[in-house]
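Results of the structural survey
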Amino acid sequence: MATAATEIRALTASAFRAPQKFVDFCRNDGKPLRGLVGGKELAGTMNVTFETIDPGTQEVLATVCEMGDAEVDLAVEAAQRAFVGNGKNGWRDLAVEARIALCMKLVELCERDRDVLLACEILDGGKVSELAEGDFGTIRDCAEYFAGVARRIPLGDSDSMKVAEGIRGFTYREPWGVVAGIIPWNYPIVLTAWFMFPALLSGNTILIKPAEDTPLSALYIGKLAEEAGFPAGVINVLPGRGEITGQAIAEHPGVKYISFTGSPGVGQAILRTCDRNGTRMKREMGGNGAAIVLGDADPEVVARMIGRFANQHFGQTCCTIHRIYVDKKIADDFIAAEKNFFENLKIGYQAEAGTQLGAVINATQRQRILKAERDTLARGGKAIVAGGDAEVAGKRGFYLKPSLYRTEPGLNVNPEEVFHTYATICPVSSEEEAMRLANSSPYGLGASVWTKDIDRGIALAKKFRDGTCQVNCHNTIAYGLPYGGQGISGGPGAGVNCEDTFRDYTQVKAVYVAEYPE
Ligand code: NDP
């Protein structure tokens, strides 16, 4: 049954209160939260701490110890020891089912403490509950998917092939060893799960470097991993700033593979660092998503759908829609409907019922977004919804209004990812013009076509220069299909969430065997 336009709404908060267990975890008996290295909690030799706050109130949730070079060294040593064990009982040697059993035990403990992890996502990450609850479901979904993949894709020897008379050859697939996941702040639980499960299930031991803004969920998952019975050193959590902790990880020759999710600039810089040591890397990076709305689409329905996706996590979603190309014939109606949707988003505190647009993650992001709004006007964009600061009574968060602009072909008003409920609408004369403009961006993460004509939509969607191309949906991600970027949005590697992701966490050697010469 078709959905009525009025039923399509933005993701919305239910009221949320932190459970006592979360409060106790953050309070930690008055001591800063420590890194988790080799099964021990470490304060760090730098004696540096940082505070993690609720972006909707600026209230300090917890103080966290920063890990430096010395702790990264210790973590790499611990992870390497755990990887090889005493020569036969390392993580790499465990039977697949034993690794799966531990991962599923961790999933059960996460589910037992669901409210604590939701509090991490809602209070530390600034998310509305409707999104946070969906994100939480990723933990089980991702673990189960990669457990299936781990059963299907054997490590070790392939079948042999005859290479020449008396010579055979085969491949030997093995985990990298010590693998690091560098995680951004916008989807801490999702991205930790997307990294952690394929990396662990393919036999690697791991370092997790959570974002400085959202360290709590990774630290909590690290504690649960210990309770689940993971051997010491298999999972290490290293909180700290990117330029300190992240840089130390990127520079460490003992780290054999890095899975980076974040902005293209940082990803490119880490790649250059990794190259010096021969460390391999996969990169999942930002986007500036395009949506093309064809003339047969219902402007009211599609404007609401696009508004819903553009506002997912207040626009702080890597693949979401920031550039809209709409057929001139329906442009006025579409713009009026989108304006209405953006203007009616309920701005508020993310843990209060009804909120649809909460605070952005930090003061720097707030400044960046305000600058991007000024730049859009300076480049010739015409404000439809003006943006700027917003007030939420009684809260000191980083609140901003949504912003929407009209533009025209030939004006490049929106060249960079603006991580907010921010979009530009460009009326176009043809599909070809729309596609040319959509593909003119250096990013290439996610794009969509909106039309009643599905075949036409599919044909057009395939022309996007993006890793994920959708028809009448956007931000849809499923296990079994790769989610990765083209252009500056992605790096080497298959993207996440598919069988090739699992293979990315392994390396392959060719082994040749000749008869001993007589
Ligand atoms: P950043 O690139 O700023 O940071 C990502 C991670 O890298 C953080 O943990 C950060 O630490 C760390 N880091 C920063 N500098 C260095 C360094 N020199 N060496 C090693 N690590 C470093 O991204 P954001 O956290 O701002 O996240 C938002 C970005 O992530 C957006 O561009 C978004 O589109 C993208 N993203 C892409 C996804 C995808 O799947 N393609 C999914 C989600 C987000 P710190 O937090 O301390 O700065």
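In what follows, the structure referred to is the one given above.
Time to look at the overall build of the protein. A count of helices and strands for the protein gives 15 helices and 20 strands. For the protein, whose C-alpha radius of gyration is 24 Å, the value lies close to the compact-globule estimate of 24 Å for 518 residues. Each of the three principal axes of the protein carries a C-alpha extent, and together these read 80 × 65 × 45 Å. Going through the 518 residues of the protein one by one, you find that 57% of them count as buried. For the protein, restricting intrachain contacts to residue pairs at least 6 apart in sequence, the fraction spanning at least 24 positions comes to 73%. With 55 positive and 64 negative side-chain charges, the protein shows a separation of 2 Å between the mean positions of the two kinds.

Take the sheet that holds strand 16 (residues 403-406) next. Pairing within the open sheet is mixed, and its 7 strands lie in the order 15-16-17-14-13-18-19. Looking at the sheet topology across the chains shown, the edges are occupied by strand 15 (382-386) and strand 19 (468-471). Recorded for the sheet is a direction-independent mean angle of 20° between the axes of neighbouring strands. Pairing geometry for strand 14 (residues 321-327) and strand 17 (residues 422-428), over 5 bridges, is parallel. When the sheet's bridge partners are listed, isoleucine 324 is paired in strand 17 with isoleucine 425.

Taken together, 29 residues surround the ligand, and among them Ile183, Lys209, Gly242, Ser263 and Glu417 come closest. Here an oxygen atom of the ligand sits 2.8 Å away from a polar atom, N or O, in the side chain of lysine 209. Protein contact buries 89% of the 900 Å² of open area that the ligand shows by itself. For the shell around the ligand, the secondary structure elements donating two or more residues are helix 8 (242-251), strand 11 (257-262), helix 9 (264-277) and strand 12 (280-285). For the shell around the ligand, a count of residues per class yields 15 nonpolar, 9 polar and 5 charged. Two domains each donate at least three residues to the shell around the ligand, and these are domain 1 (20-285 + 489-510) and domain 2 (287-471).

Basis of the calculations
Residues numbered from 1 in each chain as written. Predicted model: local features only at pLDDT ≥ 70, side-chain atom pairs only at ≥ 80, totals over all residues. Heavy atoms only, no water. Helix = DSSP H or I, 4+ residues; strand = E, 2+ residues; numbered from the N terminus. Rg over C-alpha atoms; globule rule 2.2 N^0.38 Å. Buried < 20%, exposed > 50% of the residue type's maximum accessible area, 1.4 Å probe, protein only. Contact = heavy atoms within 4.5 Å. Lys, Arg positive; Asp, Glu negative; His and termini not counted. Charge placed at Lys NZ, Arg CZ, Asp CG, Glu CD. Pairing = 2+ DSSP bridges. Axes fitted to C-alpha atoms, helices over the stretch in contact; angles between N-to-C directions. Near = heavy atom within 4 Å. Polar contact = N/O pair within 3.5 Å; in protein donor to acceptor, adjacent residues only side chain to side chain. Areas by Shrake-Rupley, 256 points an atom, 1.4 Å probe, with all protein chains shown as cover. Nonpolar A, V, L, I, M, F, W, Y, C, P; charged D, E, K, R; others polar. Domains from an automatic or database assignment.

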